Number of protein chains: 2
Amino acid sequence: MTQVRKRRPSSPKQAAKCCGPLDSLLDPVLFKAFSDPTRVSLIGCLAKCGRECSVGEVAECCSVDFSVVSRHLALLARSGVLKATKEGRTVFYSVRYAELSRSFRSLADALDECCPTTSARRKVLCC
Amino acid sequence: MTQVRKRRPSSPKQAAKCCGPLDSLLDPVLFKAFSDPTRVSLIGCLAKCGRECSVGEVAECCSVDFSVVSRHLALLARSGVLKATKEGRTVFYSVRYAELSRSFRSLADALDECCPTTSARRKVLCC
DNA sequence: CCTACATTTGCACCATGACGCAAGTACGCA
DNA sequence: TGCGTACTTGCGTCATGGTGCAAATGTAGG
(Lines give C-alpha, C1' and ligand atoms only; values in the text may rest on other atoms or scores of the structure.)
Protein backbone atom coordinates (compact mmCIF):
# COMPACT_ATOMS: atom_id res chain seq x y z
CA MET A 1 0.00 0.00 0.00
CA THR A 2 2.00 2.92 -1.22
CA GLN A 3 -0.82 5.37 -1.65
CA VAL A 4 -3.58 6.96 0.35
CA ARG A 5 -6.96 6.58 -1.30
CA LYS A 6 -10.29 7.97 -0.39
CA ARG A 7 -13.12 5.53 -0.27
CA ARG A 8 -16.50 6.91 0.55
CA PRO A 9 -18.74 4.04 -0.57
CA SER A 10 -21.92 6.05 -0.10
CA SER A 11 -23.30 8.26 -2.84
CA PRO A 12 -21.38 7.35 -5.96
CA LYS A 13 -21.96 9.52 -9.02
CA GLN A 14 -22.98 12.59 -7.10
CA ALA A 15 -23.11 15.79 -9.08
CA ALA A 16 -20.77 18.33 -7.55
CA LYS A 17 -22.45 21.72 -7.82
CA CYS A 18 -19.38 23.81 -8.32
CA CYS A 19 -18.98 26.56 -10.86
CA GLY A 20 -22.06 28.73 -11.19
CA PRO A 21 -24.09 28.25 -14.36
CA LEU A 22 -21.65 25.87 -15.98
CA ASP A 23 -22.71 22.88 -13.93
CA SER A 24 -26.38 23.26 -14.70
CA LEU A 25 -25.64 23.68 -18.40
CA LEU A 26 -23.45 20.58 -18.55
CA ASP A 27 -26.38 18.21 -18.30
CA PRO A 28 -25.17 14.61 -18.76
CA VAL A 29 -28.61 13.56 -20.01
CA LEU A 30 -28.48 15.93 -22.96
CA PHE A 31 -24.94 14.94 -23.86
CA LYS A 32 -25.67 11.27 -23.50
CA ALA A 33 -28.33 11.70 -26.13
CA PHE A 34 -25.66 12.79 -28.61
CA SER A 35 -23.06 10.26 -27.51
CA ASP A 36 -24.28 7.36 -29.63
CA PRO A 37 -23.39 7.23 -33.35
CA THR A 38 -26.70 5.64 -34.27
CA ARG A 39 -28.63 8.39 -32.55
CA VAL A 40 -26.52 11.05 -34.21
CA SER A 41 -27.19 9.51 -37.59
CA LEU A 42 -30.91 9.55 -36.85
CA ILE A 43 -30.70 13.23 -35.98
CA GLY A 44 -28.77 13.80 -39.19
CA CYS A 45 -31.48 11.97 -41.10
CA LEU A 46 -34.16 14.17 -39.58
CA ALA A 47 -32.10 17.26 -40.30
CA LYS A 48 -31.55 16.25 -43.90
CA CYS A 49 -35.23 15.55 -44.21
CA GLY A 50 -36.11 19.08 -43.21
CA ARG A 51 -39.55 18.21 -41.96
CA GLU A 52 -41.31 16.01 -39.43
CA CYS A 53 -40.68 12.33 -40.03
CA SER A 54 -42.45 9.23 -38.79
CA VAL A 55 -40.57 6.43 -37.08
CA GLY A 56 -40.88 4.31 -40.19
CA GLU A 57 -39.42 6.98 -42.43
CA VAL A 58 -36.44 7.47 -40.14
CA ALA A 59 -35.97 3.71 -39.88
CA GLU A 60 -35.48 3.54 -43.65
CA CYS A 61 -32.44 5.77 -43.24
CA CYS A 62 -30.35 3.39 -41.23
CA SER A 63 -29.47 -0.26 -40.95
CA VAL A 64 -30.67 -0.96 -37.43
CA ASP A 65 -33.90 -2.62 -36.48
CA PHE A 66 -37.15 -0.74 -36.54
CA SER A 67 -37.62 -1.18 -32.79
CA VAL A 68 -34.16 0.24 -32.15
CA VAL A 69 -35.06 3.38 -34.09
CA SER A 70 -38.26 3.70 -32.09
CA ARG A 71 -36.36 3.46 -28.83
CA HIS A 72 -33.68 5.95 -29.91
CA LEU A 73 -36.23 8.48 -31.07
CA ALA A 74 -38.18 8.16 -27.83
CA LEU A 75 -34.97 8.69 -25.84
CA LEU A 76 -34.07 11.73 -27.91
CA ALA A 77 -37.53 13.16 -27.29
CA ARG A 78 -37.19 12.54 -23.55
CA SER A 79 -33.81 14.27 -23.61
CA GLY A 80 -35.32 17.34 -25.23
CA VAL A 81 -33.56 16.90 -28.56
CA LEU A 82 -36.65 15.99 -30.57
CA LYS A 83 -40.29 16.95 -30.51
CA ALA A 84 -42.83 14.16 -30.84
CA THR A 85 -46.25 14.77 -32.37
CA LYS A 86 -48.77 12.00 -32.53
CA GLU A 87 -51.25 11.99 -35.38
CA GLY A 88 -53.48 8.98 -35.27
CA ARG A 89 -51.26 5.96 -35.05
CA THR A 90 -48.27 7.75 -36.54
CA VAL A 91 -45.70 9.60 -34.45
CA PHE A 92 -43.85 12.44 -36.12
CA TYR A 93 -40.48 13.49 -34.81
CA SER A 94 -38.70 16.76 -35.49
CA VAL A 95 -35.53 18.38 -34.21
CA ARG A 96 -35.87 21.11 -31.59
CA TYR A 97 -33.42 23.34 -33.43
CA ALA A 98 -34.19 26.54 -31.58
CA GLU A 99 -34.07 25.03 -28.10
CA LEU A 100 -30.88 23.11 -28.81
CA SER A 101 -29.24 26.15 -30.34
CA ARG A 102 -30.13 28.18 -27.27
CA SER A 103 -28.72 25.52 -24.94
CA PHE A 104 -25.40 25.24 -26.75
CA ARG A 105 -25.08 28.99 -27.16
CA SER A 106 -25.62 29.66 -23.46
CA LEU A 107 -23.13 26.91 -22.73
CA ALA A 108 -20.63 28.64 -25.00
CA ASP A 109 -21.32 31.90 -23.17
CA ALA A 110 -20.75 30.25 -19.79
CA LEU A 111 -17.48 28.77 -21.04
CA ASP A 112 -16.35 32.16 -22.26
CA GLU A 113 -17.02 33.64 -18.84
CA CYS A 114 -14.88 30.97 -17.22
CA CYS A 115 -12.07 31.50 -19.70
CA PRO A 116 -9.00 32.81 -17.88
CA THR A 117 -7.82 34.76 -20.91
CA THR A 118 -10.94 36.88 -21.15
CA SER A 119 -11.72 37.32 -17.48
CA ALA A 120 -9.23 38.14 -14.77
CA ARG A 121 -7.26 35.18 -13.55
CA ARG A 122 -8.96 33.87 -10.47
CA LYS A 123 -7.19 32.56 -7.42
CA VAL A 124 -9.97 30.41 -5.98
CA LEU A 125 -8.60 27.17 -4.64
CA CYS A 126 -10.37 24.02 -5.66
CA CYS A 127 -12.46 22.55 -2.79
CA MET B 1 -44.19 -12.07 -38.68
CA THR B 2 -46.38 -9.03 -39.11
CA GLN B 3 -43.69 -6.56 -40.00
CA VAL B 4 -41.02 -6.00 -42.58
CA ARG B 5 -37.63 -5.31 -41.03
CA LYS B 6 -34.39 -4.34 -42.61
CA ARG B 7 -31.41 -6.37 -41.60
CA ARG B 8 -28.13 -5.36 -43.10
CA PRO B 9 -25.76 -7.17 -40.79
CA SER B 10 -22.70 -5.52 -42.26
CA SER B 11 -21.45 -2.17 -40.99
CA PRO B 12 -23.34 -1.49 -37.81
CA LYS B 13 -22.97 1.95 -36.26
CA GLN B 14 -22.12 3.67 -39.49
CA ALA B 15 -22.16 7.44 -39.40
CA ALA B 16 -24.58 8.72 -41.99
CA LYS B 17 -23.09 11.85 -43.50
CA CYS B 18 -26.29 13.73 -44.07
CA CYS B 19 -26.90 17.35 -43.32
CA GLY B 20 -23.97 19.57 -44.20
CA PRO B 21 -21.90 20.83 -41.29
CA LEU B 22 -24.23 19.52 -38.63
CA ASP B 23 -22.98 15.94 -38.84
CA SER B 24 -19.35 16.85 -38.45
CA LEU B 25 -20.14 19.07 -35.46
CA LEU B 26 -22.17 16.38 -33.70
CA ASP B 27 -19.11 14.39 -32.75
CA PRO B 28 -20.12 11.48 -30.49
CA VAL B 29 -16.65 11.42 -28.93
CA LEU B 30 -16.96 14.95 -27.62
CA PHE B 31 -20.46 14.37 -26.30
CA LYS B 32 -19.53 11.08 -24.72
CA ALA B 33 -16.94 12.95 -22.72
CA PHE B 34 -19.69 15.05 -21.14
CA SER B 35 -22.13 12.17 -20.73
CA ASP B 36 -20.79 10.84 -17.44
CA PRO B 37 -21.76 12.60 -14.17
CA THR B 38 -18.39 11.90 -12.61
CA ARG B 39 -16.56 13.47 -15.53
CA VAL B 40 -18.85 16.48 -15.45
CA SER B 41 -18.15 16.94 -11.76
CA LEU B 42 -14.42 16.80 -12.47
CA ILE B 43 -14.83 19.49 -15.10
CA GLY B 44 -16.83 21.53 -12.62
CA CYS B 45 -14.07 21.10 -10.10
CA LEU B 46 -11.48 22.35 -12.56
CA ALA B 47 -13.74 25.25 -13.51
CA LYS B 48 -14.28 26.21 -9.89
CA CYS B 49 -10.57 26.00 -9.32
CA GLY B 50 -9.88 28.56 -12.01
CA ARG B 51 -6.38 27.36 -12.68
CA GLU B 52 -4.45 24.28 -13.72
CA CYS B 53 -4.90 21.39 -11.31
CA SER B 54 -2.93 18.21 -10.77
CA VAL B 55 -4.60 14.80 -10.77
CA GLY B 56 -4.27 14.61 -7.02
CA GLU B 57 -5.93 17.97 -6.47
CA VAL B 58 -8.87 17.03 -8.65
CA ALA B 59 -9.11 13.67 -6.91
CA GLU B 60 -9.69 15.44 -3.60
CA CYS B 61 -12.82 16.94 -5.10
CA CYS B 62 -14.74 13.74 -5.55
CA SER B 63 -15.39 10.44 -3.87
CA VAL B 64 -14.10 8.08 -6.53
CA ASP B 65 -10.76 6.35 -6.54
CA PHE B 66 -7.62 8.18 -7.53
CA SER B 67 -7.09 5.89 -10.49
CA VAL B 68 -10.59 6.60 -11.72
CA VAL B 69 -9.90 10.32 -11.70
CA SER B 70 -6.68 9.75 -13.60
CA ARG B 71 -8.50 7.76 -16.27
CA HIS B 72 -11.33 10.27 -16.59
CA LEU B 73 -8.97 13.20 -16.93
CA ALA B 74 -6.93 11.36 -19.55
CA LEU B 75 -10.11 10.59 -21.48
CA LEU B 76 -11.23 14.22 -21.28
CA ALA B 77 -7.86 15.31 -22.59
CA ARG B 78 -8.08 12.83 -25.47
CA SER B 79 -11.55 14.15 -26.27
CA GLY B 80 -10.24 17.70 -26.49
CA VAL B 81 -12.03 18.94 -23.39
CA LEU B 82 -8.93 19.37 -21.25
CA LYS B 83 -5.36 20.37 -21.83
CA ALA B 84 -2.66 18.29 -20.14
CA THR B 85 0.68 19.79 -19.19
CA LYS B 86 3.35 17.64 -17.64
CA GLU B 87 5.79 19.26 -15.23
CA GLY B 88 8.17 16.75 -13.80
CA ARG B 89 6.08 13.94 -12.37
CA THR B 90 3.01 16.13 -12.00
CA VAL B 91 0.37 16.46 -14.72
CA PHE B 92 -1.65 19.65 -14.75
CA TYR B 93 -5.05 19.66 -16.36
CA SER B 94 -7.02 22.70 -17.44
CA VAL B 95 -10.25 23.25 -19.33
CA ARG B 96 -10.00 24.26 -22.99
CA TYR B 97 -12.60 26.98 -22.55
CA ALA B 98 -11.97 28.80 -25.79
CA GLU B 99 -11.94 25.71 -27.98
CA LEU B 100 -15.05 24.26 -26.36
CA SER B 101 -16.86 27.55 -26.60
CA ARG B 102 -16.03 27.75 -30.27
CA SER B 103 -17.26 24.21 -30.89
CA PHE B 104 -20.58 24.72 -29.15
CA ARG B 105 -21.11 28.11 -30.73
CA SER B 106 -20.57 26.80 -34.24
CA LEU B 107 -22.89 23.93 -33.42
CA ALA B 108 -25.51 26.45 -32.33
CA ASP B 109 -24.96 28.33 -35.60
CA ALA B 110 -25.41 25.16 -37.61
CA LEU B 111 -28.61 24.35 -35.73
CA ASP B 112 -29.93 27.83 -36.43
CA GLU B 113 -29.29 27.36 -40.13
CA CYS B 114 -31.26 24.13 -40.09
CA CYS B 115 -34.14 25.71 -38.20
CA PRO B 116 -37.24 25.74 -40.40
CA THR B 117 -38.56 28.91 -38.81
CA THR B 118 -35.57 31.00 -39.79
CA SER B 119 -34.79 29.51 -43.15
CA ALA B 120 -37.31 28.67 -45.85
CA ARG B 121 -39.10 25.40 -45.31
CA ARG B 122 -37.30 22.77 -47.29
CA LYS B 123 -38.96 20.00 -49.20
CA VAL B 124 -36.08 17.55 -49.38
CA LEU B 125 -37.25 14.02 -48.82
CA CYS B 126 -35.31 11.92 -46.40
CA CYS B 127 -33.12 9.30 -48.09
C1' DC C 1 -66.01 -6.29 -33.84
C1' DC C 2 -62.28 -7.46 -36.84
C1' DT C 3 -58.35 -6.50 -39.33
C1' DA C 4 -54.39 -3.95 -40.90
C1' DC C 5 -51.01 -0.76 -39.82
C1' DA C 6 -47.63 2.11 -36.84
C1' DT C 7 -45.30 1.98 -32.97
C1' DT C 8 -43.96 0.33 -28.35
C1' DT C 9 -42.45 -3.01 -25.02
C1' DG C 10 -40.57 -7.45 -22.97
C1' DC C 11 -36.85 -10.38 -23.21
C1' DA C 12 -32.31 -12.27 -23.93
C1' DC C 13 -27.75 -11.43 -25.60
C1' DC C 14 -23.59 -9.07 -25.95
C1' DA C 15 -20.38 -4.97 -25.90
C1' DT C 16 -18.99 -1.11 -23.60
C1' DG C 17 -17.70 1.38 -19.74
C1' DA C 18 -17.17 2.77 -14.81
C1' DC C 19 -15.11 1.26 -10.71
C1' DG C 20 -11.65 -0.29 -7.05
C1' DC C 21 -7.56 -2.59 -5.96
C1' DA C 22 -2.91 -3.67 -6.83
C1' DA C 23 1.10 -3.41 -9.38
C1' DG C 24 3.88 -0.86 -12.49
C1' DT C 25 6.07 3.33 -14.44
C1' DA C 26 8.18 7.89 -14.35
C1' DC C 27 10.42 11.38 -12.15
C1' DG C 28 12.87 14.21 -8.58
C1' DC C 29 15.88 14.22 -4.78
C1' DA C 30 19.26 12.85 -1.52
C1' DT D 1 21.53 4.00 -6.36
C1' DG D 2 17.78 4.02 -3.35
C1' DC D 3 13.55 6.11 -1.82
C1' DG D 4 9.33 8.63 -1.99
C1' DT D 5 5.97 10.93 -4.76
C1' DA D 6 2.63 11.42 -8.76
C1' DC D 7 0.50 9.17 -11.87
C1' DT D 8 -0.75 5.21 -15.08
C1' DT D 9 -2.11 0.58 -16.26
C1' DG D 10 -3.72 -4.32 -15.78
C1' DC D 11 -7.34 -6.95 -14.18
C1' DG D 12 -11.67 -8.62 -12.34
C1' DT D 13 -16.36 -7.18 -11.29
C1' DC D 14 -20.48 -5.07 -11.93
C1' DA D 15 -23.94 -1.91 -14.07
C1' DT D 16 -25.49 0.28 -18.06
C1' DG D 17 -26.82 0.37 -22.65
C1' DG D 18 -27.38 -1.00 -27.63
C1' DT D 19 -29.36 -4.56 -30.45
C1' DG D 20 -32.73 -7.91 -32.66
C1' DC D 21 -36.68 -10.75 -32.37
C1' DA D 22 -41.30 -11.54 -30.93
C1' DA D 23 -45.33 -10.16 -28.75
C1' DA D 24 -48.26 -6.50 -27.22
C1' DT D 25 -50.37 -2.02 -27.56
C1' DG D 26 -52.85 1.52 -29.75
C1' DT D 27 -55.49 3.36 -33.59
C1' DA D 28 -58.02 3.95 -37.88
C1' DG D 29 -61.21 1.96 -41.26
C1' DG D 30 -64.39 -1.38 -43.05
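For the structure itself, look to the data block above.
What comes next concerns the included structure. (Residues numbered from 1 in each chain as written. Chains lettered and ligands numbered in written order. Predicted model: local features only at pLDDT ≥ 70, side-chain atom pairs only at ≥ 80, totals over all residues. Heavy atoms only, no water.)

**What to know about the overall build of chain A**
Tallying secondary structure elements over chain A gives six helices and three strands in all. Its helices and strands in sequence order give chain A the pattern α-α-α-β-α-α-β-β-α, from N to C terminus. Residues counted as buried form 43% of the 127 residues belonging to chain A. In chain A, the proportion of contacts linking residues at least 24 apart, taken out of those at least 6 apart, comes to 52%. (Helix = DSSP H or I, 4+ residues; strand = E, 2+ residues; numbered from the N terminus. Buried < 20%, exposed > 50% of the residue type's maximum accessible area, 1.4 Å probe, protein only. Contact = heavy atoms within 4.5 Å.)

**A closer look at the packing of aromatic side chains**
Applying the stated criterion across every chain yields a total of ten aromatic pairs over all chains. Geometrically, the ring pair formed by F104 of chain A and F104 of chain B is stacked, given 5.8 Å between the ring centres and 0° between the ring planes. Linking F104 of chain A in helix 6 (residues 97-114) with F104 of chain B in helix 6 (residues 97-114), this pair reaches from one chain into another. Of the two residues, F104 of chain A and F104 of chain B, both sit in the buried class. Here the aromatic residues F31, F34 and F104 of chain A together with F31, F34 and F104 of chain B are joined through ring pairs into a cluster of three or more. (Phe/Tyr/Trp six-rings, centres within 6.5 Å; stacked < 30°, edge-to-face > 60°.)

**Describing the nonpolar core**
L73 and F104 of chain A together with L73 and F104 of chain B are the most contacted members of the largest nonpolar core, which totals 68 residues. Those residues in contact with F104 of chain A, other than ones at most four positions away along the chain, are L30, F31 and F34 of chain A together with F31, F104, L107, A108 and L111 of chain B. (Core = buried A, V, L, I, M, F, W, Y, C linked by side-chain atoms within 4.5 Å.)

**A few points about helix 3 (residues 37-49) of chain A**
Residue and element names in this part refer to chain A. Its 13 residues give helix 3 an end-to-end C-alpha distance of 18 Å, which sits within 8% of 18 Å, the value for a rise of 1.5 Å per residue. The buried count for helix 3 comes to eleven of 13 residues, which makes it a mostly enclosed element. All of the buried residues in helix 3 are T38, R39, V40, S41, L42, I43, G44, C45, L46, A47 and C49. In the stretch just after helix 3, G50 is the one whose phi turns positive, near 80°. (Expected span 1.5 Å × (residues − 1).)

**What about the protein's contact with DNA strand D?**
Around DNA strand D, the structure places 28 residues, and the nearest of them are D65, R71 and H72 of chain A together with S70 and R89 of chain B. Counting only atoms of DNA strand D within 4 Å of the protein, the fraction found in sugar and phosphate groups is 57%. Here a base oxygen of DNA strand D sits 2.8 Å away from a polar atom, N or O, in the side chain of R71 of chain B. Among the elements of the structure, helix 3 and helix 5 (66-78) of chain A together with helix 4 (55-59), helix 5 (66-78) and strand 3 (90-95) of chain B are those that each provide at least two residues to the surface near DNA strand D. Residue classes in the surface near DNA strand D are distributed as six nonpolar, ten polar and twelve charged. (Near = heavy atom within 4 Å. Polar contact = N/O pair within 3.5 Å; in protein donor to acceptor, adjacent residues only side chain to side chain. Nonpolar A, V, L, I, M, F, W, Y, C, P; charged D, E, K, R; others polar.)

**Some details on the sheet that holds strand 1 (residues 53-54) of chain B**
Residue and element names in this part refer to chain B. Read from one edge to the other, the open sheet built from three strands follows the order 1-3-2, with strand pairing classed as antiparallel. Looking at which strands have only one partner, the edges of the open sheet turn out to be strand 1 and strand 2 (82-87). Along the sheet, helix 3 (residues 37-49) contacts strand 1, strand 2 and strand 3; its crossing angle with strand 3, the most-contacted strand, is approximately 90°. (Pairing = 2+ DSSP bridges. Axes fitted to C-alpha atoms, helices over the stretch in contact; angles between N-to-C directions.)

**Side note on the state of the cysteines**
Residue and element names in this part refer to chain A. Applying the stated rule across the entire model yields two disulfides over all chains. The disulfide partner of C45 is C61, and the S-S distance across this bridge is 2.0 Å. Residues C45 and C61 are joined through a disulfide that is right-handed, its torsion about the S-S bond being 45°. Residue C45 is located in helix 3, and its partner C61 is located in the loop between helix 4 (55-59) and helix 5; the two are separated by 16 residues in the primary sequence. The pair C45 / C61 is uniform in exposure class, with both members buried. Free cysteine: C62, not disulfide-bonded; nearest cysteine sulfur from C61 at 7.0 Å. (Disulfide = S-S within 2.5 Å.)

**Examining the sheet that holds strand 1 (residues 53-54) of chain A**
Residue and element names in this part refer to chain A. Here we have three strands laid out as an open sheet, ordered 1-3-2, and antiparallel in their pairing. Two strands close off the open sheet at either side, each with one partner strand: strand 1 and strand 2 (82-87). Pairing analysis gives two bridges linking strand 1 to strand 3 (residues 90-95), with the strands arranged antiparallel. Bridge pairing in strand 3 places C53 opposite Y93. Lying over the sheet, helix 3 contacts strand 1, strand 2 and strand 3, oriented at roughly 90° with respect to strand 3.

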